[in-house]
Structure formats: structure tokens, C-alpha cells
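Each chain is listed here by its residues.
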Amino acid sequence: MIDPTPLWDFDDPAGSEQRLREAAGTAEGSDRLVLLTQVARALGLQELYDEGHAVLDDLAASDDQVVTRVSLERGRLLRSAGLPDEARPHFEAASATALAAGLDALRIDALHMLALVADPDDAARLHDEALTLARRSDDPRARDWDASLLNNIGMAYADGGDFAAALASFEEALSARERIGDPARTRVARWMVGWALRNLDRPAEALEIQRALKAELLSVGAKDPYVDEEIALLEG
């Protein structure tokens, strides 16, 4: 079945929506339905929630992957609209369907979304369950979820004030990003390590990371205000 990932640019949901609609226009069967679930997601990222629900309402899903994706995107629309309690049953349904069908990557996605609408203790359990699945899966798309999950776990530690544990998770996340090989997301992971180091009162190490990021960004003609902000804090 089609993988819609290459059509996505999460920094440009409107452009992503257009590409997904064009691809759906030439696709057939379950591939078309998968692409339309992603159209709904793109609409949600533009805060066009009613339009997103309308797209999902029109999908007659029978394939396990499509059923899972419809539940996931319905839940995402509701959560983004500020309705986490209404979103949760849809994420639970997506997790259950994905588990029964052996769809590891989609189950991890559902578990990570469940963690976002859960209380902190339950969120930690869900993140751990998702990370365990990612590490043992034979599906490369599932395995590559480890980077995002480790970042989320690190943020949970940071929110609780445990920056030592957060740093350990961010360093693991950085290793995962380096394995995956996405330069932009790897830079974000390096930034997280530097941010944690600053919060651990290790400014020299933090500044070294942020200056290296600044130099790398300049070399590719890019800017990141968060890098500039960290450097200003560390040099001030």
C-alpha cells in the first residue's frame, strides 16, 4: 500500500494538501483512501477542522490500514480543535486495529497520540510501550519512530524538572536521528541536547553545540531563531 510520507512537508500543510489531493486523484482503491486521510490531516494543520472531518466522513473504509488511519486522523482533528477527551477513543481504536493487523508504525503513532492526551503517569507508560515496539519491530518505518519518542520522553523529564534524565533521552534521540539521516531533524535533536546542557548549568558545552549549529545553518543558507536565542542567553 502507498506510503504518503514523501508527499508531506509539515511546515507547509497547504502545499502538502495540494500534493495529496493530486495524488489521490490518480490513485485507486485503498491507496486513494490512505491519501485522503492525509488530506484530512493537512486540513487539520490549517485549522480547517470541519473540512477535515467531512473528508473522513466520505471514506468507506474496510482495509485495516485505512480504518486505522481514519481513526488516527479523526482523533488528531479533535485534539487539535481542543477536544482531547473526545479524541482519546479514536486513538484507542486506532491502536487496537493496528495491533490486530500487525501495523507497527501506525500503532506506535496511535500510542504516541494517546500519550499526548493522557495524564503524565499514563503518558510515560504509553511512550515506553511505543518505544519498546519501535525497537523490536521489523518495519523500518516503525523503528524510525524511536527518535520522536525519545524526544517526547526527554521533554516529559524536562517538564518534571529532571534535566539529567532529559539529557540522556535527548542524546539517544540524537543518535537515532543521525541513524535516520535527516539533516534538519538532526539539527533539532542537537539543539535539544544543547538546551538540556544549559539547563544543567553546563554553559560551555551548550554554547559549543549552539555555535556549531549556527555555523552549519549558515553553510546551508538557513536560519533558526531558537539557535540564535540560545547563543544570546549563553553569551549574555
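Residues numbered from 1 in each chain as written. Predicted model: local features only at pLDDT ≥ 70, side-chain atom pairs only at ≥ 80, totals over all residues. Heavy atoms only, no water.

Trainee: Help me get a handle on the packing of aromatic side chains, residues and values and all.
Mentor: Summed over the entire model, instances satisfying the criterion amount to 5 aromatic pairs. The interplanar angle of 70° and the centroid separation of 5.4 Å between the aromatic rings of Phe163 and Trp195 together place this pair among those described as edge-to-face. Placement of Phe163 in helix H10 (residues 163-180) and of Trp195 in helix H11 (residues 183-199) is noted, with a sequence separation of 32 residues between them. No difference in accessibility class separates Phe163 from Trp195, as the two residues are buried. Between Trp191 and Tyr226 the ring centres are 6.4 Å apart and the planes differ by 75°, which places this aromatic pair in the edge-to-face class. Note that Trp191 is positioned in helix H11 and Tyr226 in helix H13 (residues 225-235), a separation of 35 residues in sequence. We classify Trp191 as buried; its relative accessible area is 15%. (Phe/Tyr/Trp six-rings, centres within 6.5 Å; stacked < 30°, edge-to-face > 60°. Helix = DSSP H or I, 4+ residues; strand = E, 2+ residues; numbered from the N terminus. Buried < 20%, exposed > 50% of the residue type's maximum accessible area, 1.4 Å probe, protein only.)

Trainee: Describe the packing of helix H1 (residues 13-26) against helix H2 (residues 29-45), with residues and values.
Mentor: Taken N-terminus to C-terminus, the directions of H1 and H2 make an angle of 160°; their axes are 9 Å apart at the nearest point. As judged from the angle between their axes, H1 and H2 are roughly antiparallel. Our pair here, H1 against H2, has a crossing hand that is left-handed. Taking contact as the criterion, the partners of Pro13, Glu17, Leu20, Arg21, Ala23 and Ala24 in H1 are, on H2, Arg32, Leu35, Leu36, Gln38, Val39, Ala42, Leu43 and Leu45. Here the contact of H1 with H2 is composed, by residue class, of 10 nonpolar, 1 polar and 3 charged. (Axes fitted to C-alpha atoms, helices over the stretch in contact; angles between N-to-C directions. Parallel < 35°, antiparallel > 145°, perpendicular 65-115°, else oblique. Left-handed = near helix turned anticlockwise from the far one by under 90°. Contact = heavy atoms within 4.5 Å. Nonpolar A, V, L, I, M, F, W, Y, C, P; charged D, E, K, R; others polar.)

Trainee: Summarise the layout of surface pockets; cite the residues concerned and give the values.
Mentor: Reported here for the largest pocket is a volume of approximately 1,800 Å³. As for the largest pocket, its lining consists of 48 residues, of which Phe10, Trp145, Ser148, Arg177 and Arg185 are closest to the centre. The residue inventory of the lining of the largest pocket, partitioned by class, reads 22 nonpolar, 8 polar and 18 charged. Computed from the structure, the second largest pocket encloses a volume of approximately 400 Å³. (1 Å grid on protein atoms, 1.4 Å probe; cavity = no way out; pocket = protein on both sides within 12 Å on 5 of 7 lines; lining within 4 Å. Points joined across faces, edges and corners; volume = space filled by probe spheres on them.)

Trainee: Could you give an account of the side chain of Arg76, naming the residues involved and the relevant values?
Mentor: As for its position among the elements, Arg76 is in helix H4 (residues 64-80). A relative accessible area of 10% means that Arg76 is categorised as buried. At 2.9 Å, the side chain of Arg76 and the side chain of Glu73 are in polar contact. When neighbours within four sequence positions are excluded, Arg76 is seen to be in contact with Arg41, Phe91, Asp109, His112 and Met113. (Polar contact = N/O pair within 3.5 Å; in protein donor to acceptor, adjacent residues only side chain to side chain.)

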